[in-house]
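So you can see what is in the structure, the chains are spelled out below.
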Amino acid sequence: MSTSLSWGRHYLMTEPTHYRIDYAINPFMDTEIQPDPARARAQWDTLKATIEELGGRVDVIAPRADSPDMVYAMNLGFAATLADGRRHVILSHMRFPERRNETRSALDWFAANGWGTAYVGKDGIGPCFEAGDVFPFAGHLVAGTGPRTDELALKTLAAELNVRVLGVRTTHSGMYHLDLAFCPLDERRAIICPDALAPESAQALLDLIPEPLVITEEEALTTFAANSIVIGRTIVMPSCPDRIRTVLEGWGFTIRIVEMSELHLGGGSVRCVTNPLDIVVGRDVPVVYGGEVVAT
Ligand code: ARG
């Protein structure tokens, strides 16, 4: 059996109090179709309770009334404990101005909780960076560039964290963050939807995964299966088609389904609403002093 991921047991989530569809910045969003607040809250509560039941820990950041997308906490920033023990977060510089206020609250929360903070760009100046594009896997920090994150941001990520960043180009308008198309499962396995990526980037990412579970564009877009989180050997998913379930269970994973239909209206699922706080440089991704960027 392949070794479980060492991260993914501690998350930051934002309460869905102000979640609604005020604008459309991805193909899932339609201001004519609003989420039901009570159902959205119930789904969010169930997800939080499920993570806790599985032994995970959840910290909660207060939502902002002016930021209806802040429930998608994955995009607040990329948080990691550095090799010297300092906790450090690279705050997101959102592509769309509609989401930029979220960073103000993220800054306050991280600073108040003992994290050092850094920016890739700020208030519309400099490269954009959204943390839903970034995951450690197989010796690299894998970073999607394209709809939300600019290639220029990778240099800052690499230098701030002292890691090797593998840039992969995402080209699909419906998979605008890498976390909609790629999900590390354990040290050898990951879910990947190659259709989300430029061909050479898809190949570079496939080359990194000893045992990939390749999903189709349709599977990724209709089931949000890649937008899952993994706690040890349990995968918390919004849905799981039989074909995918057979592979995952064959690999020894247990599947926990948490209904996320109301959150899907904004274009996010399980992963998008949970931001991992327990990634460690030197354990989950090797230290490369000064950092290094490999772009495909
Ligand atoms: N409405 C949000 C946006 O378009 C959805 C974010 C989804 N989050 C994610 N990590 N994929 O920014």
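Anyway, here's the lowdown on the structure attached to this text. Please read all numbers here as calculations on a predicted model, not as lab measurements. (Residues numbered from 1 in each chain as written. Predicted model: local features only at pLDDT ≥ 70, side-chain atom pairs only at ≥ 80, totals over all residues. Heavy atoms only, no water.)

## Looking at the side chain of His10
The residue His10 is located in strand β1 (residues 10-14) in this model. Separated by 3.4 Å, the side chains of His10 and Arg57 make a polar contact. Side-chain polar atoms of His10 contact the side chain of Asp59, separated by 3.0 Å. Beyond its immediate chain neighbours, meaning those up to four positions away, His10 contacts Arg57, Asp59, Asn275, Pro276, Leu277 and Asp278. (Helix = DSSP H or I, 4+ residues; strand = E, 2+ residues; numbered from the N terminus. Polar contact = N/O pair within 3.5 Å; in protein donor to acceptor, adjacent residues only side chain to side chain. Contact = heavy atoms within 4.5 Å.)

## Some words on the sheet that holds strand β3 (residues 77-81)
Read across the open sheet, the three strands follow the order β3-β4-β5; overall the sheet is mixed. On the outer flanks of this sheet lie β3 and β5 (116-119), each paired with one strand and no other. The mean inter-strand angle of the sheet, taken between neighbouring strand axes irrespective of direction, is 20°. Looking at chain direction, strand β4 (residues 87-91) and β5 are connected through four bridges and run parallel. By the bridge assignment for β5, Ile90 is matched with Ala118. Together, β3, β4 and β5 form the strand contacts of helix α3 (residues 152-161), whose direction differs from that of β4 by roughly 170°. (Pairing = 2+ DSSP bridges. Axes fitted to C-alpha atoms, helices over the stretch in contact; angles between N-to-C directions.)

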